[in-house]
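Structural description and commentary
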Amino acid sequence: QVQLVEYGGGLVQAGGSLRLSCAASGRALGSHDMAWFRQAPGKEREFVAAISWRGETYYGDSVKGRFTISRDNPKNTLYLRMNSLKPEDTAVYHCAADPKGTYYSSDEYGYWGQGTQVTVSS
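Just so you know, these numbers come straight off a predicted model, no measurement behind them. (Residues numbered from 1 in each chain as written. Predicted model: local features only at pLDDT ≥ 70, side-chain atom pairs only at ≥ 80, totals over all residues. Heavy atoms only, no water.)

With respect to the overall build of the protein chain
When helices and strands are tallied, the protein chain shows 0 helices and 11 strands. Tracing the protein chain from N to C terminus, the helices and strands come up as β-β-β-β-β-β-β-β-β-β-β. By the compact-globule yardstick of 14 Å for 122 residues, the protein chain fits well, its C-alpha radius of gyration being 13 Å. Considering only C-alpha atoms, the protein chain reaches an extent of 40 × 25 × 25 Å along its principal axes. Among the 122 residues that make up the protein chain, the fraction classed as buried is 46%. As displayed, the protein chain offers around 6100 Å² of accessible surface, 47% of which is attributable to carbon and sulfur atoms. (Helix = DSSP H or I, 4+ residues; strand = E, 2+ residues; numbered from the N terminus. Rg over C-alpha atoms; globule rule 2.2 N^0.38 Å. Buried < 20%, exposed > 50% of the residue type's maximum accessible area, 1.4 Å probe, protein only. Areas by Shrake-Rupley, 256 points an atom, 1.4 Å probe, with all protein chains shown as cover.)

Some points on the pairing of strand E4 (residues 34-39)
Along E4, 5 of the 6 residues are buried, which leaves the element largely enclosed by surrounding structure. In the sheet, E4 pairs with strand E5 (residues 46-51) via 5 bridges, with the strands oriented antiparallel. The residue bridging Met34 from the neighbouring strand is Ile51, located in E5. In this antiparallel pair of consecutive strands, E4 and E5, the connection spans 6 residues, and Gly42 shows a positive phi of 80 degrees. Taken together, the 6 bridges between E4 and strand E9 (residues 91-99) define a ladder with antiparallel strand orientation. Following the sheet pairing, Met34 is matched in E9 by Ala97. (Pairing = 2+ DSSP bridges.)

A closer look at the packing of aromatic side chains
For the structure on display, the rule yields 6 aromatic pairs. Plain terms: the ring middles of Tyr58 and Tyr103 are 4.9 Å apart, the flat faces sit at 40 degrees to each other, and that makes the pair tilted. Here the residue Tyr58 occupies a position in strand E6 (residues 57-59), and Tyr103 occupies one in the loop between E9 and strand E10 (109-112), the gap between them amounting to 45 residues. We classify Tyr58 as partly exposed; its relative accessible area is 25%. Assessed through its relative accessible area of 15%, Tyr103 is described here as buried. Both rings, one in Tyr109 and one in Trp112, keep their centres 6.0 Å apart while their planes meet at 65 degrees; by these two values the pair is edge-to-face. Residue classification places Tyr109 among the buried positions, given a relative accessible area of 6%. (Phe/Tyr/Trp six-rings, centres within 6.5 Å; stacked < 30°, edge-to-face > 60°.)

Quick look at the pattern of salt bridges
The full count for this structure, using the stated rule, is 6 salt bridges. For Glu56, the salt bridge is made with Arg54, and the minimal N-O distance between the two is 3.2 Å. Using a relative accessible area of 53% as the deciding quantity, one classes Arg54 as exposed. Note that Lys64 is salt-bridged to Asp61, the shortest N-O span being 3.3 Å. Here the two residues Lys64 and Asp61 agree in accessibility, since each one is exposed. (Salt bridge = Lys/Arg side-chain N within 4 Å of Asp/Glu carboxyl O.)

Examining unusual backbone geometry
Among all residues save glycine, negative phi is the norm, and among peptide bonds the norm is trans. The backbone of Asn76 sits at a positive phi, close to 55 degrees, despite the residue not being glycine. By secondary structure assignment, the location of Asn76 is in the loop between strand E7 (67-72) and strand E8 (77-82). Within the chain, Ser84 stands out as a residue other than glycine whose phi angle is a positive 50 degrees. Tracing the backbone through its elements, the reader meets Ser84 in the loop between E8 and E9. For Ser84, a relative accessible area of 42% gives the class partly exposed.

And the structure:
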């Protein structure tokens, strides 16, 4: 079993930055693929970024060039650095681990955190 806890969300003005963290417990994450998803009110959960256990990274089109996913295996923590934030980035951000198939579908992930709210004001 893996427990995931996100933190670092908050209220930020458009153009600002935030760094989200996802702390894992219950299992070392060094050999696991992980990802960030987000969900805005009334919308489906959207793929944001993923990182393989080898460190390969993948991004959703809407965040490419602005967001950076990274991991610190000794600290068992996943990060999402978000720059040049826009009001449309407002959502609850969730980390996820262990996809059974494609990185891009939330249905593939077996472990989820409870989420952290990011609100970007215009």
